[in-house]
Amino acid sequence: MKYRGYLYVALATTLNVILNGITLGKYLWLEGRVRGGIFRNWGRRFRYKPTNFAQPTTEAEIVELVRKSKGIRFFGSAHSFNDGVVADHTLVSLDKYSGVVVRKDLKPKQMCFKGGTRIRDVVKFLLDKQLAFKALPSHDAQSIAGILSTDVHGTGRNWGFVSESVVSLRIIDGRGDIHECGSTEDLFKAAIGGVGAVGIISEVVVQGVDRFNVEQRFELAELSFVEANFERLLRENEHFSLYLFPFTTKCQISIWNRTEKKQSFLGPIREFIAISVDALMAVWFGALISYTGLLPRLSSIAHSLKRGTNLVMESNKAYNRSIYHLHQELEFTVPFEETFAMCKRFVNLYEKMYTKALPYTLLEVRFTPAGHDLTLIGAGRERLCTWIDLVCNDSHGFENYYDAAEESMKKLSARPHLGKFCQSFRKSDMVRLHGQSFAKFLQVVDQYDPDQKFANEFTRRLFRD
């Protein structure tokens, strides 16, 4: 069974790379969509036939759907790793509700976008006006409403979240009423990271900055070197993250800094090649040595063969990428002060469980600054955070590792990212982790969705049990 899964993951990833390449980045096979009445999320793990499916093109149509529906959920690219994308009654794609909204009240360098606009398209509209995001997370396939609903983050010394570039939201509540809200309002903070429980984000006003170049550098290092020089690396670089690998002392350092340097020759193409090679090596070679039991002996050798890159590109090309291999993610935050102890804990957990036929896995480690007050229940709320993302090849067996990891998370008071694998957390855990902030969130949800139209099994487990 595991080898059948191995081949499926490898072939699906290869197809995704090929189709994205020949369409010049315009098409991803691994995206959520409805075909023949059947919904599949991007990772192909949530497949069902919704009772009703709609693709509205106007805000008025969305309002009408909300008012008539018994229960309703929305999706953009469905780049989700849990059943938050499963609707009780009506499933709505926002793909046809996208683009720029012309508004006369916008201040300089601001633009307004419909909620279904993909980040890759938001970036293009901004570039046409010589603008850019201050910074971005690593994937550009999601809709702007989707990444705000899960409070998507990047990694930075002084920057962490896309929501920091948002001026205001337009939200349709459970009654079908429309609200405009700014970043100081409770409705705004309940929508950011609220996984759609309080309403549909129909419009987003973004504060852009002048477009700029970024120098992106990836290199291998010894984990002991990183630990010894950790404070300096964070201090000297605007954006910094790590990849940690089991059964080796090697890790990857990833750095992004603004620069006045000229863009690298064929930088985006070289980046596409590098990302594609990494994805294909992970699913074909990494997974193979994992499933054949050779990972403990070959991990250090395999990772030492990887070569670093140093490219200067337009900011969105440096921060973003469209290609990703078929995989699963479980992500959470821990206090920054516990970074290396927590990283080692979850690497050790994988190594201890490895004999149970676990798929190839790595840990991505990112950082966000303290003071994030734009969300009520986001995992990065308020404190200086280290984000640990357990990235498993999407094949049989990853659930065992994730189940054990979630139990460990609860003992450590780690906060889960609600857009990733999140199967065992319940309302009692949310109360423990977010306290009065969670109580405020529930008050806002009850106020704006009194009939629980936006609820589904996932949100009821987290917010209602």
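Residues numbered from 1 in each chain as written. Predicted model: local features only at pLDDT ≥ 70, side-chain atom pairs only at ≥ 80, totals over all residues. Heavy atoms only, no water.

Undergrad: Any chance you could explain the pairing of strand β6 (residues 90-93) here in plain terms?
TA: On any regular strand, side chains alternate: one points to one face of the sheet, the next to the other face. Every second residue of β6 is oriented toward a common face, with Thr90 and Val92 on one face and Leu91 and Ser93 on the other, all of them buried. Relative to β6, strand β4 (residues 52-54) runs parallel, the two being bridged by three bridges. Note that in β6 the partner of asparagine 52 across the bridge is threonine 90. Bridge count between strand β5 (residues 72-75) and β6: four bridges; the pairing is parallel. Paired with arginine 73 across the two strands is leucine 91, which belongs to β6. (Buried < 20%, exposed > 50% of the residue type's maximum accessible area, 1.4 Å probe, protein only. Helix = DSSP H or I, 4+ residues; strand = E, 2+ residues; numbered from the N terminus. Pairing = 2+ DSSP bridges.)

Undergrad: What's the story with the pairing of strand β10 (residues 166-172) in this structure? I'm lost.
TA: Across the seven residues of β10, six count as buried, placing the element largely inside the fold. Where β10 and strand β12 (residues 200-207) come together, six bridges link them in antiparallel fashion. Counterpart to valine 166 in the pairing with β12 is valine 206. From the end of β10 to the start of strand β11 (residues 178-182), which pair antiparallel, there are five residues, and glycine 176 there has a positive phi angle of about 90 degrees.

Undergrad: Can you walk me through the side chain of glutamate 203 in this structure?
TA: Tracing the backbone through its elements, the reader meets glutamate 203 in strand β12. The residues contacting glutamate 203, other than those within four sequence positions of it, are Glu59, Tyr97, Val101, Arg103, Cys112, Phe113, Gly115, Ser168, Leu169 and Arg170. (Contact = heavy atoms within 4.5 Å.)

Undergrad: What's the story with the sheet that holds strand β2 (residues 38-40) in this structure? I'm lost.
TA: Either a parallel or an antiparallel arrangement is found when strands of a sheet pair, and the pairing is made through backbone hydrogen bonds. Read from one edge to the other, the open sheet built from three strands follows the order β1-β2-β3, with strand pairing classed as antiparallel. With partners counted over all chains shown, the strands left at the sheet margins are β1 (33-35) and β3 (47-48), one partner each. Pairing between β1 and β2: three bridges, direction antiparallel. Directly across from arginine 35, in β2, lies its bridge partner isoleucine 38.

Undergrad: Just to check I follow, could you spell out empty space enclosed by the protein for this structure?
TA: A probe matching the size of a water molecule, rolled over the atoms, marks out where space remains unfilled. Inspection of the entire model under this criterion finds three cavities of 30 Å³ or more. The space that makes up the largest cavity amounts to roughly 70 Å³. Residues of the lining of the largest cavity, tallied by class, amount to five nonpolar, four polar and one charged. Empty space within the second largest cavity amounts to approximately 60 Å³. As for the second largest cavity, its lining consists of Ala197, Val445, Asp449, Gln452, Phe454, Ala455, Thr459, Phe463 and Arg464. Of the residues in the lining of the second largest cavity, the class split is five nonpolar, two polar and two charged. (1 Å grid on protein atoms, 1.4 Å probe; cavity = no way out; pocket = protein on both sides within 12 Å on 5 of 7 lines; lining within 4 Å. Points joined across faces, edges and corners; volume = space filled by probe spheres on them. Nonpolar A, V, L, I, M, F, W, Y, C, P; charged D, E, K, R; others polar.)

Undergrad: What should I look at first to understand helix α9 (residues 295-304) in this one?
TA: Helical periodicity: at 3.6 residues per turn, an α-helix aligns residues three or four positions apart in one direction. When we look at burial in α9, the residues that qualify are Leu295, Ser299 and His303. Seen along its axis, α9 keeps its buried residues to an arc of 45 degrees; they face one direction. Buried positions along α9 lie against β14 (213-222), α8 (267-291) and α11 (339-353). (Arc of directions from axis to C-beta.)

Undergrad: Sorry, what's going on with the pattern of salt bridges here?
TA: A side chain of one charge can pair with a side chain of the opposite charge if their charged atoms are brought near each other. For the structure shown, the criterion picks out 31 salt bridges. Glutamate 31 is paired through a salt bridge with arginine 120; the nearest N and O atoms lie 2.9 Å apart. On the criterion of sequence distance, the pair formed by glutamate 31 in the loop between α1 (2-22) and β1 and arginine 120 in helix α3 (residues 119-128) is long-range, its members being 89 residues apart. Each member of the pair, glutamate 31 as well as arginine 120, is classed as buried. Note that glutamate 180 is salt-bridged to arginine 170, the shortest N-O span being 2.8 Å. Pair noted here: glutamate 180 is in strand β11 and arginine 170 is in strand β10, with a separation of ten residues, a long-range link. Through salt bridges with shared partners, a single network forms among Glu59, Arg103, Asp105, Arg170, Glu180 and Glu203. (Salt bridge = Lys/Arg side-chain N within 4 Å of Asp/Glu carboxyl O.)

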